[in-house]
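Structure assessment
Spelled out from the first residue to the last, the chains are:
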Amino acid sequence: MNAAAQRRTLADDADADQPLIRMRKLRKVYRKKNEEFLAVSDVSMDIHAGDMVSLVGPSGCGKSTLLKILADLQGHDGGLLQVGGGEDFQPGRDVGMVFQQPVLLKWRTILDNVLLPADILGLPRKAAVARAHELLEMVGLAGFADSLPYELSGGMQQRAAIARALIHDPKLVLMDEPFGALDALTREKMNLEMLRIWEETGKTFIVVTHSIQEAVFLGSHCAVLTAGPARMADFFPIELPGPRRLHVKTSPAFGGYVRRIYDLLGVE
């Protein structure tokens, strides 16, 4: 059992009825003039502290909309959403975001880019700088604190974006196709890095992806959404031996999970 799974087991034993996120028949409708577009329909799942949830489905099925709702960037129009596990939860303070593009400010050094959320939240500067250096070391960028974004490769920039998402110690990290713009080999390496970071931090991650193989490789759990409007087709644990390495993709168990998702999405 990996470290994150152990932390989750302990948390479940302590309070099995208090997931960090609870959704029941969640619904989101976009309105334009006299027309309505149902973007998310009937999404239900429980996500516990320490989970790594892969959110997979076709383009336009509402995955990004669901992240925006969880980040409190948009409201929902029906169903139940509880975030925080019964504790005080402030999206601006307790959520970290990673986007498909790193979105680093080109005039700030990598260190200052990582520090941006801490600056916005007014966190103590000395402690934030120390934490930023720790995070840069964790993501393999210890020697690049004074570099500018253009001096880093795409994969390195995305590592900096992950460090930035963690600087304010959020309870929940939301990632919207974080590796979609990378080449295949760099993406594989970033998948391995993501699992290592998850293991080391014990944070709760929700990762949107179009890649079924990536969803299986990364997730402790997988949520499968159908074509829009997003409807929950399935939500299930992924029980693969850890620590996961790329060779697990050749295993029968991995192939079984991939086929399960293909079947749910109607792909033959």
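Scroll up a little and you will see the structure.
Scope of this entry: the structure provided in the associated data block. What you see is a predicted model; the values in this text were computed from it and never measured. (Residues numbered from 1 in each chain as written. Predicted model: local features only at pLDDT ≥ 70, side-chain atom pairs only at ≥ 80, totals over all residues. Heavy atoms only, no water.)

**Here's the deal with the sheet that holds strand S7 (residues 204-209)**
Strands sit in the order S5-S6-S7-S3-S8-S9 across an open sheet of six strands; the sheet is mixed. With one partner strand each, in any of the chains shown, strand S5 (95-98) and strand S9 (232-237) form the two edges of the open sheet. When the angles between neighbouring strand axes are averaged without regard to direction, this sheet yields 15 degrees. Sheet topology places S5 next to strand S6 (residues 172-176); four bridges connect them, and they run parallel. Pairing of Met97 across the sheet is with Leu174, part of S6. Packing of helix H10 (residues 252-264) onto the sheet brings it into contact with strand S3 (52-56), strand S8 (221-225) and S9, and relative to S9 it is tilted by some 165 degrees. (Pairing = 2+ DSSP bridges. Helix = DSSP H or I, 4+ residues; strand = E, 2+ residues; numbered from the N terminus. Axes fitted to C-alpha atoms, helices over the stretch in contact; angles between N-to-C directions. Contact = heavy atoms within 4.5 Å.)

**Some thoughts on the pattern of salt bridges**
Taken as a whole, this structure holds 15 salt bridges when the rule is applied. Across the pair Arg22 and Asp46 runs a salt bridge, and its minimum N-O distance is 3.3 Å. Separated by 24 residues along the polypeptide, Arg22 in strand S1 (residues 21-32) and Asp46 in strand S2 (residues 35-47) bring together distant segments of the chain. A relative accessible area of 22% means that Arg22 is categorised as partly exposed. Residues Arg125 and Asp119 are paired through a salt bridge, measuring 2.9 Å at the closest nitrogen-oxygen approach. Linked by salt bridges that have partners in common, Arg108, Asp112, Asp119 and Arg125 make up one network. (Salt bridge = Lys/Arg side-chain N within 4 Å of Asp/Glu carboxyl O. Buried < 20%, exposed > 50% of the residue type's maximum accessible area, 1.4 Å probe, protein only.)

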